[in-house]
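Geometric and topological summary
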Amino acid sequence: ATSGSNYNGYIIATVILGIIAMVLSGLTLPILMCMPGALIKASLGGMIVLSGAMVVFSFMSGQIFGGIIGAIFFLVFLCYAKAVWSRIPFAAVNLLTACTAVRKNCGAIVIAYFMTALTFAWSVLWAISLMGVWEEVVTQNCVGTQSECLAQTSSVNYGYLFLLFLSLFFTEQVIQNTTHVIVAGTV
């Protein structure tokens, strides 16, 4: 059996993204504790700026429909930001209280890291499984070069691909919701 593609780059990318996720997980709690109000304001402002940029880039590239949809979302985000801006101090205090409760209970932090590692391991396993489903392995005797043999057998089972993507989404949702329940119970 021969394989036509080298998927080491995808495995390396998955590992790098997993390491980045672990580092970002470690940085978020101290950042949340330092400036909860500023983070809430920045997220509201970022939402408005990015939706405005979508409108500008859509119209500049000639995508009129995309620009109209973007303008609708931009206006909705403006209305939302105006409606919730006065509630930011209350939300910041709630966020600070929740972060303090999580910091005081180290078990929640350990669980968060464990779930991040579990998600990382699941992503690596899923990427390997995806490669196995995507790659059609030639088991018959083929006359010609390796690329000619692979060109003859390029059918992919899209049902299995759908199930793989469904399993990725479902498993990550279960891990995320488990983390939320544990942290909510702590707080």
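Reading the values: the criteria
Residues numbered from 1 in each chain as written. Predicted model: local features only at pLDDT ≥ 70, side-chain atom pairs only at ≥ 80, totals over all residues. Heavy atoms only, no water. Helix = DSSP H or I, 4+ residues; strand = E, 2+ residues; numbered from the N terminus. Buried < 20%, exposed > 50% of the residue type's maximum accessible area, 1.4 Å probe, protein only. Expected span 1.5 Å × (residues − 1). Contact = heavy atoms within 4.5 Å. Polar contact = N/O pair within 3.5 Å; in protein donor to acceptor, adjacent residues only side chain to side chain. Core = buried A, V, L, I, M, F, W, Y, C linked by side-chain atoms within 4.5 Å. pLDDT = per-residue confidence, 0-100. Phe/Tyr/Trp six-rings, centres within 6.5 Å; stacked < 30°, edge-to-face > 60°.

1. As for the environment of Ala-184
- With respect to the element layout, Ala-184 can be found in helix H7 (residues 158–186).
- Relative accessible area serves as the criterion here: at 54%, Ala-184 is assigned to the exposed category.
- For Ala-184 and Ala-108, which are 76 residues apart along the polypeptide, the C-alpha to C-alpha distance reads 9.5 Å.

2. Here's the deal with helix H5 (residues 106–134)
- Taking 1.5 Å per residue as the helical rise, H5 with its 29 residues ought to reach 42 Å, and the 42 Å between its terminal C-alpha atoms agrees with that figure.
- Buried within H5 are the following residues: Ala-108, Met-115, Thr-116, Val-124, Trp-126, Ala-127 and Met-131.
- Of the surrounding elements, those touching the buried residues of H5 are helix H1 (8–34), helix H4 (88–104) and H7.
- The residue sitting at the N-terminus of H5 and contributing the capping side-chain oxygen is Asn-105; that oxygen lies 3.1 Å from the backbone nitrogen of Gly-107.

3. Observations regarding the nonpolar core
- Counting residues in each nonpolar core, the largest one holds seven residues, listed as Ile-40, Leu-44, Ile-48, Ala-81, Val-84, Ile-88 and Ala-92.
- Those elements that place two or more of their residues in this core are helix H2 (36–60), helix H3 (64–84) and H4.
- Tallying contributions element by element places H2 first for this core, with three residues.
- Excluding anything up to four places from it in sequence, Ala-92 contacts Pro-36, Gly-37 and Ile-40.

4. What about the confidence of the model for the chain?
- Of all residues in the chain, 85% have pLDDT values of 70 or greater, and the mean over the chain is 82.
- When the elements of the chain are averaged for pLDDT, helix H6 (residues 146–152) gives the smallest value, 58, and H3 the largest, 93.
- Confidence drops under a pLDDT of 50 for residues 137–141, and excluding neighbours within four residues, the segment shows eight contacts in the predicted structure.

5. Some details on the packing of aromatic side chains
- Under the defined criterion, the tally for this structure stands at two aromatic pairs.
- Ring plane angle 45 degrees and centroid distance 6.1 Å describe the contact between Phe-73 and Phe-77, whose orientation is recorded as tilted. Here Phe-73 and its partner Phe-77 are both found in helix H3, four residues apart, which amounts to about one turn of the helix.
- Given a relative accessible area of 45%, Phe-73 falls into the partly exposed group.
- Residue class for Phe-77 comes out partly exposed when judged on its relative accessible area of 23%.

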